[in-house]
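Breakdown of the fold
So you can see what is in the structure, the chains are spelled out below.
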Amino acid sequence: MWKGNIKIGRVFQIPILINWSFALVILFIFYASTTRNFTLQESIAFVGYVLTLFLCVVLHEFGHALMARRYGIETRDIILSPIGGVARLESIPEDPKKELMIAVAGPLVNACIAVFLWILIKMIYEGGMFPSSMENLRLLVYPSEFIRFVFAMNVALFIFNLVPAFPMDGGRILRSLLSIWVGHNKATTFATWIGKGLALIFVIMAIMNSQYIVLGMIGLFIFMMAHSEYRNVKMMAFLRETKLSDIMEEEFTRIALSDDYDHVLNIYNKGEEKNFLVFNAQGQIVGAIPELFIQDYKKNQEETCAVSDRISAGVGVMEPENSLYDAYRFLNAEGISILGVTLGNTIQGVLDRNMVERLIKKGKY
Ligand SMILES: [Zn+2]
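Residues numbered from 1 in each chain as written. Predicted model: local features only at pLDDT ≥ 70, side-chain atom pairs only at ≥ 80, totals over all residues.

1. Details of the domain arrangement of the protein chain
- Domain assignment breaks the protein chain into domain 1 (1–162), domain 2 (165–241) and domain 3 (245–361).
- Here domain 2 and domain 3 have C-alpha centroids that lie 41 Å from each other. (Domains from an automatic or database assignment.)

2. So, the environment of G349
- Tracing the backbone through its elements, the reader meets G349 in strand β10 (residues 346–352).
- Classification of G349 as partly exposed rests on a count of 18 C-beta atoms within 10 Å.
- Note: C-alpha distance between G349 and I267 (82 residues apart in sequence) is 17 Å.
- Setting aside residues up to four positions removed in sequence, G349 forms contacts with M248, E249, E250, F252 and V341. (Helix = DSSP H or I, 4+ residues; strand = E, 2+ residues; numbered from the N terminus. Buried ≥ 20, exposed ≤ 12 C-beta atoms within 10 Å, placed from the backbone. Contact = placed C-beta atoms within 7 Å.)

3. Some words on the sheet that holds strand β7 (residues 285–289)
- Strand order in the open sheet formed by three strands is β5-β6-β7, with mixed pairing between adjacent strands. On the outer flanks of this sheet lie β5 (254–256) and β7, each paired with one strand and no other. In this sheet, adjacent strand axes meet at a mean angle of 40° when their direction is disregarded.
- The pairing of β5 with strand β6 (residues 276–279) spans three bridges and is classified as parallel. Bridge pairing links A256 to F279 in β6. (Pairing = 2+ DSSP bridges. Axes fitted to C-alpha atoms, helices over the stretch in contact; angles between N-to-C directions.)

4. Re the nonpolar core
- Counting residues in hydrophobic clusters, the biggest one holds 39 residues, and the most contacted among them are V58, A165, A199 and I222.
- Both domains that meet at this core, namely domain 1 (1–162) and domain 2 (165–241), each give it at least three residues.
- Setting aside residues no more than four positions away along its own chain, A165 makes contact with G170, G171, I194, G195, L198, A199, I222 and A226. (Core = buried A, V, L, I, M, F, W, Y, C linked by C-beta atoms within 7 Å.)

This is the structure we're talking about:
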């Protein structure tokens with residue numbers, strides 16, 4: 001889904017990308033304009049309205065991104081697709097108050113725009129705050145109606161995003177508020193159930209009355225997203241709560257600098273171990289032999305060479321008390337295949353990248 005994004009610019013050092021499926025929006029504009037026999041002016045006003053809608057969505061995302069920056073969290077990019085915008089933050093803060101502030105900042109932007117337009121409409125025009133007909137898009141050619149449409153749109157964005165279900169901001173707000181009382185994990189479970197319950201109500205409403213068909217579709221979407229968010233959080237909790245001492249492999253082969261590759265290949269072929277740590281004569285870790293090196297050696301069948309000739313400096317050590325989360329991040333950031341788990345100067349076990357990935361894939365969380 002995220003493939004095929006086109007970069008359209010960079011604001012506050014944050015790249016803004018547009019998904020290819022945005023072409024559907026252009027198709028929709030074209031379709032709506034022709035079926036309603038819009039004049040050229042009406043079509044231009046309609047396009048202007050759609051662009052304004054996406055501008056408001058971008059501003060909403062910048063609300064999240066800039067609030068996150070206040071807490072030292074950068075935003076990788078902001079992606080726009082026909083179903084909305086996403087600000088992809090580098091990480092989600094663990095402090096519920098920070099998460100709350102970041103989640104609130106988006107809808108707050110729409111609230112501010114709405115208040116600003118409310119004042120503007122009250123000052124300049126007579127009559128109500130909302131367009132005289134929400135269905136009649138022809139009215140968009142009149143500035144007084146255009147501005148009312150934009151006001152209504154921001155009110156809708158504000159309310160929609162506050163629906164207390166993932167992936168809406170309201171879901172995150174609810175979760176962070178609950179987190180303060182019951183902790184992140186339980187809060188996610190509660191928030192997920194509330195979101196799923198709400199989604200179910202939307203779907204039932206749609207079944208009972210076809211007028212609510214769009215609401216029903218939103219309900220289905222919320223239901224699926226709530227579930228995947230729940231799985232995500234569960235996995236993060238598993239990574240955070242698991243200590244290296246719980247999962248490290250205590251039985252492993254120590255490769256000496258003086259060994260040769262045939263020896264390593266022999267052990268590798270037994271299938272139990274894929275990546276190896278290399279020790280010097282004093283018993284200190286001096287490097288690693290990643291699976292890649294062994295496969296390369298196996299394929300090219302070179303004359304046997306010494307371990308000391310082909311050794312990767314990419315090796316790290318962590319303590320048994322470190323979490324699997326820290327280790328996984330470290331492995332990925334440094335491109336390391338095996339970690340030594342050491343306490344003081346003694347090695348207690350190893351953590352292999354394959355092992356971690358197997359655990360995650362199994363869904364053991
Ligand atoms: Zn948002």
